[in-house]
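Architecture and fold: a report
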Amino acid sequence: QVQLVESGGGLVQAGGSLRLSCAASGRTVSRYATGWFRQAPGKEREFVAAISWSGGSTDYVDSVKGRFTISRDNAKNTVYLQMNSLKPEDTAAYYCAARLWGGTSVSLRDYNSWGQGTQVTVSS
């Protein structure tokens, strides 16, 4: 069980940028892939992006390709989601999740641990 804490959310204007961080507890945590998911009011939680432990494999939902970039720094036990050219439809609570000893996945069921979420609001 990896403990995760998201940060970096906030209120931005359309076209602006935010960088979300997902910090994992422990100096030496197990190998894990990380996914970002988001949930807008009245909607189901949906996949946004994922990255393998090595950083060699990434996946994105079509709606954020070219705008969002997922990366990681394992020395800091942190995964990032750089969000550029933000749109009002990106408004949601963003959650990071860890999949221990597994590769990237778009399925919520494949992840073992979840953070508490951080709110991103994009105004028009």
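Residues numbered from 1 in each chain as written. Predicted model: local features only at pLDDT ≥ 70, side-chain atom pairs only at ≥ 80, totals over all residues. Heavy atoms only, no water.

**With respect to the pairing of strand 8 (residues 78-83)**
Summarising burial for strand 8: 5 of the 6 residues are buried, a large majority. As paired strands, strand 3 (residues 18-24) and strand 8 are joined by 6 bridges and run antiparallel to one another. When the bridges of strand 8 are listed, Ser-21 appears paired with Tyr-80. As paired elements, strand 7 (residues 68-73) and strand 8 share 6 bridges and run antiparallel to each other. Considered in strand 8, the bridge of Thr-69 is made with Gln-82. (Buried < 20%, exposed > 50% of the residue type's maximum accessible area, 1.4 Å probe, protein only. Helix = DSSP H or I, 4+ residues; strand = E, 2+ residues; numbered from the N terminus. Pairing = 2+ DSSP bridges.)

**Notes on the packing of aromatic side chains**
If you walk through the whole model with that rule in mind, you get 5 aromatic pairs. Ring geometry for Phe-37 versus Trp-114: centroids 5.0 Å apart, planes at 50°, classification tilted. Placement of Phe-37 in strand 4 (residues 32-39) and of Trp-114 in strand 10 (residues 113-114) is noted, with a sequence separation of 77 residues between them. Accessibility expressed as a relative area gives 0% for Phe-37, which makes it buried. (Phe/Tyr/Trp six-rings, centres within 6.5 Å; stacked < 30°, edge-to-face > 60°.)

**Focus: the pattern of salt bridges**
With the rule as written, the count across this model stands at 4 salt bridges. Across the pair Asp-90 and Arg-38 runs a salt bridge, and its minimum N-O distance is 3.0 Å. Linking Asp-90 in the loop between strand 8 and strand 9 (92-100) with Arg-38 in strand 4, this pair joins segments that are 52 residues apart in sequence. Since its relative accessible area comes to 1%, Asp-90 is described here as buried. Here Asp-90 ties to Arg-67 by a salt bridge, and the two come within 2.8 Å at their closest N and O atoms. With Asp-90 in the loop between strand 8 and strand 9 and Arg-67 in the loop between strand 6 (58-60) and strand 7, this pair connects stretches of sequence that are 23 residues apart. (Salt bridge = Lys/Arg side-chain N within 4 Å of Asp/Glu carboxyl O.)

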